Amino acid sequence: MGAGSNIAVVGAGIVGVSAAEWLRRDGHSVTLFDRVMPGDPEQTSYGNAGLLARTAIVPVSVPGLLGHVPSMLMDPDGPLFLRWAYLPRLLPWLVPFLRNGREGRVREIAAALDTILGDSVDQHRALAAGTPAERYIETGHYAYLYKDRAAFEKDAWGFAIRREHGAEWEEWDRAALVERDPHLSQAVGFAAALTDHGWITDPGAYLAALFEAFRAGGGAFRRGEVTAIDPGGAGGTLTVGGETSAFDRIVLASGVWSRRLAERLGHTVPMEAERGYHMMLENPSHRPPIPYMVADAKFAVTPMEAGIRCAGLVEFAGVDAPARMERTALFERRIRSLYPSLEWEGVRTWMGRRPSTPDSLPLIGESTRARGIWFGFGAQHVGLTSGPKTGRLLADMIAGRRPNVDMTPYAPDRFDGDL
Ligand SMILES: Cc1cc2nc3c(=O)[nH]c(=O)nc-3n(C[C@H](O)[C@H](O)[C@H](O)COP(=O)(O)OP(=O)(O)OC[C@H]3O[C@@H](n4cnc5c(N)ncnc54)[C@H](O)[C@@H]3O)c2cc1C
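Rules and cut-offs
Residues numbered from 1 in each chain as written. Predicted model: local features only at pLDDT ≥ 70, side-chain atom pairs only at ≥ 80, totals over all residues. Heavy atoms only, no water. Helix = DSSP H or I, 4+ residues; strand = E, 2+ residues; numbered from the N terminus. Rg over C-alpha atoms; globule rule 2.2 N^0.38 Å. Buried < 20%, exposed > 50% of the residue type's maximum accessible area, 1.4 Å probe, protein only. Contact = heavy atoms within 4.5 Å. Areas by Shrake-Rupley, 256 points an atom, 1.4 Å probe, with all protein chains shown as cover. Near = heavy atom within 4 Å. Polar contact = N/O pair within 3.5 Å; in protein donor to acceptor, adjacent residues only side chain to side chain. Pairing = 2+ DSSP bridges. Axes fitted to C-alpha atoms, helices over the stretch in contact; angles between N-to-C directions. Salt bridge = Lys/Arg side-chain N within 4 Å of Asp/Glu carboxyl O.

Trainee: Please clarify how the overall build of the chain should be interpreted in this entry.
Mentor: From N to C terminus, the chain includes 13 helices and 19 strands. A compact globule built from 419 residues would reach a C-alpha radius of gyration of about 22 Å, and the chain, at 21 Å, matches this within 12%. Considering only C-alpha atoms, the chain reaches an extent of 65 × 45 × 40 Å along its principal axes. Considering the chain as a whole, with its 419 residues, one finds that 58% of them fall into the buried category. Sequence-distant contacts, at least 24 apart, represent 75% of the contacts inside the chain between residues at least 6 apart. Carbon and sulfur atoms form 51% of the exposed surface of the chain, whose accessible area is close to 16,500 Å².

Trainee: What should I look at first to understand the site of the ligand in this one?
Mentor: By nearness alone, 36 residues border the ligand, and Asp34, Gln43, Ser45, Gln380 and Thr385 come closest of all. Between the ligand and serine 45 there is a distance of 2.5 Å, counted from an oxygen atom to a side-chain nitrogen or oxygen. At 3.3 Å from an oxygen atom of the ligand is found a main-chain nitrogen or oxygen belonging to glycine 50. Contact with the protein chains covers 98% of the free accessible surface of the ligand, which is 1,000 Å².

Trainee: I would appreciate a short explanation of the pairing of strand β15 (residues 299-304) in the present structure.
Mentor: Along any regular strand the residues' side chains alternate between the sheet's two faces. Extensive coverage of β15 is indicated by the burial of six of its six residues. The alternating pattern of β15 places Phe299, Val301 and Pro303 on one face and Ala300, Thr302 and Met304 on the opposite face, and all of these are buried. For β15 and strand β16 (residues 307-316), the ladder comprises six bridges, and the chain directions are antiparallel. Bridging from a neighbouring strand, methionine 304 pairs with glycine 307 of β16. Remark: two residues form the turn of the hairpin made by β15 and β16, two consecutive strands paired antiparallel.

Trainee: Could you clarify how one ought to interpret the sheet that holds strand β12 (residues 249-252) in this entry?
Mentor: Strands belonging to one sheet form pairs held by backbone hydrogen bonds; the direction of such a pair is parallel or antiparallel. One open sheet accounts for six strands, arranged β8-β2-β1-β12-β19-β18; its pairing is mixed. Two strands in the sheet have a free side with no partner beyond their single neighbour: β8 (220-223) and β18 (363-366). Between one strand axis and the next, the sheet turns through 20 degrees on average, direction left out of account. As paired strands, strand β1 (residues 6-10) and β12 are joined by four bridges and run parallel to one another. Bridge assignment links alanine 8 to a residue of β12, and that residue is isoleucine 250. Along the sheet, helix α13 (residues 383-398) makes contact with β1, β12, β18 and β19 (373-377), crossing β19 at roughly 165 degrees.

Trainee: Would you mind going over the pattern of salt bridges with me for this structure?
Mentor: Close approach of charged atoms allows side chains of opposite charge to pair. If you walk through the whole model with that rule in mind, you get 26 salt bridges. Across the pair aspartate 296 and arginine 334 runs a salt bridge, and its minimum N-O distance is 2.9 Å. Pair noted here: aspartate 296 is in the loop between β14 (292-294) and β15 and arginine 334 is in helix α12 (residues 329-338), with a separation of 38 residues, a long-range link. Relative accessible area serves as the criterion here: at 55%, aspartate 296 is assigned to the exposed category. Between arginine 371 and glutamate 366 there is a salt bridge; the shortest N-O distance is 3.1 Å. On the basis of relative accessibility, which here comes to 21%, the residue glutamate 366 falls in the partly exposed class.

Here it is in C-alpha cells:
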C-alpha cells in the first residue's frame with residue numbers, strides 16, 4: 001500500500017506507539033486511539049521492569065514446570081499466585097500453555113522469540129533516534145544472580161538454548177560481583193552476566209516521549225474507548241464514543257484487551273492476563289550498577305531514574321480483578337536480603353497485565369477474516385523489548401515490503417477453532 005493512507009492504531013502502549021510512528025515515517029496519515037494517555041499507569045508498558053531482554057527467548061513453560069507448580073503456589077516467597085475460583089476459566093489457556101513446554105516445542109518457540117527480540121536494543125535506538133526518548137535507553141550487562149555456581153548450573157539448559165542463538169555472558173564469582181557492586185549481601189555468590197543488553201530508565205516517560213515525537217511529526221491522537229472494529233471495504237471502521245469512522249487500514253495493538261475486539265472479527269484468541277507487580281523504591285541509598293534477575297525468586301531489580309524498581313511475579317486472576325498490592329511485600333523481603341544496608345525514602349506499587357498466549361508468541365500480521373485489519377499484541381513477558389520491532393514489521397507488511405523473517409509463528413489465525 002502506498003504512502004498517504006489513512007491508518008488507525010488502537011492502543012497506545014509500546015506496541016501501538018511504535019507501529020504508529022513507523023507508519024507515520026512511511027508517509028501515512030496515522031491516528032492513534034487510546035482511552036488513556038501514553039505513559040499512564042493503566043498501561044502494561046508503564047510499569048514493567050524496563051529490560052530490553054533480548055535473550056529472554058526461553059518461555060516460562062518449559063519441561064518439568066508442572067512438577068514445580070504446587071511448591072511455587074504453596075511458597076509465600078514464590079513467584080506464582082492463583083485465584084482458585086479463577087482456575088476453571090484459566091484451564092483452556094493453561095492446558096495448551098503447559099503442553100507447549102515440551103522440549104522440541106520450547107526450541108521452536110525460542111527460535112521465534114529470538115527473531116523478534118534479538119536486535120531489540122538497535123530497534124529501540126532506531127525508534128528513539130533524534131527524539132527526547134533517547135535519553136532513557138541505557139546499555140550494559142544484564143546479570144542473573146545466584147547463590148552459587150551450582151544454582152546457576154540448574155539453569156544450564158535455558159542458558160544453552162540462549163547460547164545456540166548467539167547469547168554471550170560472563171561468569172562472575174563473588175569477588176567479581178562485589179568489585180562491581182560492594183553492597184551485595186553474602187546471599188549472592190555467582191552471576192551470569194549477559195552482554196550487550198539494554199534497559200529503560202523510566203518506561204512511562206519513555207513511552208510518553210516517543211508519543212510526543214509522533215505527535216510533533218504530525219501524528220494524531222484521539223482519546224476514548226474503542227467499542228467496535230468492523231471490517232469494510234479494504235480497511236474497516238472504528239467506533240469510539242458512539243461515533244464511527246472509516247480507515248484504509250486498522251492496527252489492533254491493545255495489549256491484553258485486544259482479545260475481545262479480535263474475537264468479534266471471528267478469530268479465536270486464547271490470551272490471558274499474566275498479572276505482574278512492581279515496587280519502586282524511591283531515592284535509595286544506593287543502586288545496582290546494572291539490572292539483575294534474582295534467579296530463584298524470578299524478579300528483576302532495575303536501576304531507574306526514580307530509584308530501584310523490583311518487578312515480577314505471575315498472578316492468574318483474570319483481567320479485571322482488583323490488584324493485591326500486598327503481594328509486593330515479597331519484593332521488600334527479598335531486596336533486604338540482597339542489599340542488607342539499603343535505605344529508601346518512599347515506595348510506589350503497581351500491578352499490570354502481561355498479554356500472554358499459550359505458545360508465548362505474539363499475534364503479528366493481517367487478519368485472515370477481516371482484510372485490512374492488522375494484529376500486534378500478545379508479547380507476554382517481553383513486550384517492551386519487542387514492541388519497536390513489532391511496530392516496524394507491521395509498517396513493512398502494510399507497505400507491502402516483505403519482512404526477511406518467517407512470520408508463520410505469529411500468524412493471527414493460528415488458534416482459530418482451538419477452543
Ligand atoms: C511486572 C511486569 C514486568 C515486565 N517487565 C518487562 C521487561 O522488563 N521487559 C519487557 O520487554 N517486557 C516486560 N513486561 C511485559 C511488557 O510490559 C508488556 O508485554 C508490554 O507492555 C505490552 O505492551 P502493549 O503495547 O501490548 O500493551 P499495553 O501497554 O497494555 O497497552 C495497551 C493499550 O491499549 C489500550 N486499550 C485497550 N483496549 C482499548 C480500547 N478498547 N479502546 C482504547 N484503548 C484501549 C490501553 O488503554 C493501553 O494503553 C513486564 C510486564 C509486567 C506486568
